[in-house]
Amino acid sequence: QRFFNEYLKETVKTMIYFLTSSPSVSVDGPINPANGFLDRLREALGNNPLHALFVTTYPDDAPWSEHCSDCMRKAFEDVGFKFASYVLLDRRTAPDVKKLMKQCDLLILGGAHLPTQNTFLHELEMPKLIKKFKGVVLGISAGTMNSARMAYALPEEPGEPHDKNFARLRPGLGLTEWRILPHFYMYKELTVDGLRMYDDITIPDSRKYGIPFLYFPDGTYLVGQDGKESVYGEYLVFQDGTFCRVAENGQKTLLD
């Protein structure tokens, strides 16, 4: 029986997802080891050369997409990861998405404008494809936000806060029920169309839609597998009309 249990542990794989505010210490910078992120990523990915797939946010902007994809690859290689293949998923490679997903063991969901990426993910039928995925998912900023079952699109470009046709709730990938808002210390100081992103937009939206938000600084991340989710590092939550700090750096919090 012991041998059988160990055999199952080795052969039955399930998806594990890392939802980050940012996996890097700065824009286009090296992997951030804070809160044990790099150690847990190594444990999840193993030592074999990886087949990686980087999903861009702007599928029709090849130079921008290639830059982001290349920077992420370099960040991984600089800390010792090796790749058997590394493919940028944009408009050019979209027709091959089913084949690419089957050979992939690391799926990276890039950052930037959530609604644009959300549209592309649905064009790819990614919510359906990802249900069968058994590798590691790495969400970055908007990629993390789009990982929710019902993703929250924070209005962040001029015109969006007052656009009545701007959908703030959109079907996502369904990896988690939590809505994560990234880059806490940067976004709390930002305004768009004269509105403070947190005080004037996200907090009223939390009340309006009756949903909690988890606010992640860079360096904080959520790990999920087999229905269990934990947050590593500092984060804050707005829920039931209350804004509070739940944990500090170095702490692990099991989510209910």
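Look up: the structure comes first, before these words.
No experiment lies behind these values; they were computed from the predicted model shown.

**Digging into the overall build of the protein chain**
Line of reasoning, step 1. Looking only at helices and strands, the protein chain features 9 helices and 16 strands.
Line of reasoning, step 2. Computed over the C-alpha atoms, the radius of gyration of the protein chain is 18 Å, within 12% of the 18 Å expected from 2.2 N^0.38 for a compact globule of 256 residues.
Line of reasoning, step 3. A principal-axis box enclosing the C-alpha atoms of the protein chain has dimensions of 55 × 40 × 30 Å.
Line of reasoning, step 4. Looking at the protein chain as a whole, 53% of its 256 residues qualify as buried.
Line of reasoning, step 5. Entry remark: accessible area of the protein chain is about 12,800 Å², with carbon and sulfur atoms responsible for 51%.
Line of reasoning, step 6. Between the averaged position of the 29 positive side-chain charges in the protein chain and that of its 33 negative side-chain charges there is a distance of 7 Å.

**Some points on the sheet that holds strand 14 (residues 235–239)**
Line of reasoning, step 1. The sheet built from 4 strands is open, its strands ordered 8-11-14-15 with mixed pairing. Bordering the open sheet on either side are strand 8 (179–181) and strand 15 (242–247), each of which pairs with just one other strand. Looking at each pair of strands side by side, their axes are set apart by 30° on average, direction ignored.
Line of reasoning, step 2. The strands that helix 9 (residues 197–209) touches are strand 8, strand 11 (213–215), strand 14 and strand 15; relative to strand 11, the one it contacts most, it runs at about 145°.

**Side note on a positive patch on the surface**
Line of reasoning, step 1. A cluster of basic residues, Lys 98, Lys 102, Lys 128 and Lys 132, forms a positive patch on the protein surface.
Line of reasoning, step 2. Secondary-structure assignment places Lys 98 in helix 4 (residues 97–103).

**What to know about helix 3 (residues 62–78)**
Line of reasoning, step 1. Between its terminal C-alpha atoms helix 3 stretches 24 Å, which fits the 24 Å expected from 17 residues at 1.5 Å a residue.
Line of reasoning, step 2. All buried positions along helix 3 are accounted for by Ser 65, Cys 68, Ser 69, Cys 71, Met 72, Ala 75 and Phe 76. Projected onto a plane normal to the axis of helix 3, the buried residues spread over an arc of 155° and lie on a single side.
Line of reasoning, step 3. Against helix 2 (37–45), strand 2 (50–55), strand 3 (83–89), strand 4 (106–109) and strand 5 (136–140) lie the buried residues of helix 3.

**Notes on the environment of Met 101**
Line of reasoning, step 1. Within the secondary structure layout, Met 101 lies in helix 4.
Line of reasoning, step 2. We classify Met 101 as buried; its relative accessible area is 7%.
Line of reasoning, step 3. With 31 residues separating them in the primary sequence, Met 101 and Lys 132 have C-alpha atoms 9.2 Å apart.
Line of reasoning, step 4. Residues within four places of Met 101 in sequence aside, it is in contact with Leu 53, Leu 107, Met 126, Leu 129, Ile 130 and Phe 133.

**Observations regarding the nonpolar core**
Line of reasoning, step 1. Leu 107, Met 126, Ile 130, Val 137 and Leu 222 are the most contacted members of the largest nonpolar core, which has 34 residues in total.
Line of reasoning, step 2. Counting 26 residues, the second-largest nonpolar core is a separate cluster that includes Phe 18, Leu 41, Leu 45 and Leu 106.

**Topic: unusual backbone geometry**
Line of reasoning, step 1. The backbone phi angle of Asn 35 is positive, close to 60°, even though this residue is not glycine.
Line of reasoning, step 2. Structurally, Asn 35 is set in the loop between strand 1 (16–20) and helix 2.
Line of reasoning, step 3. Of note in this structure, His 183 is not a glycine but carries a positive phi near 55°.
Line of reasoning, step 4. Along the chain, His 183 falls in the loop between strand 8 and helix 8 (184–187).
Line of reasoning, step 5. Here His 183 falls in the buried class, since its relative accessible area comes to 13%.

The rules behind each value
Residues numbered from 1 in each chain as written. Predicted model: local features only at pLDDT ≥ 70, side-chain atom pairs only at ≥ 80, totals over all residues. Heavy atoms only, no water. Helix = DSSP H or I, 4+ residues; strand = E, 2+ residues; numbered from the N terminus. Rg over C-alpha atoms; globule rule 2.2 N^0.38 Å. Buried < 20%, exposed > 50% of the residue type's maximum accessible area, 1.4 Å probe, protein only. Areas by Shrake-Rupley, 256 points an atom, 1.4 Å probe, with all protein chains shown as cover. Lys, Arg positive; Asp, Glu negative; His and termini not counted. Charge placed at Lys NZ, Arg CZ, Asp CG, Glu CD. Pairing = 2+ DSSP bridges. Axes fitted to C-alpha atoms, helices over the stretch in contact; angles between N-to-C directions. Contact = heavy atoms within 4.5 Å. Patch = residues over 30% accessible without salt bridge, like charges linked within 9 Å, V, L, I, M, F, W, Y side chains within 5 Å. Salt bridge = Lys/Arg side-chain N within 4 Å of Asp/Glu carboxyl O. Expected span 1.5 Å × (residues − 1). Arc of directions from axis to C-beta. Core = buried A, V, L, I, M, F, W, Y, C linked by side-chain atoms within 4.5 Å.

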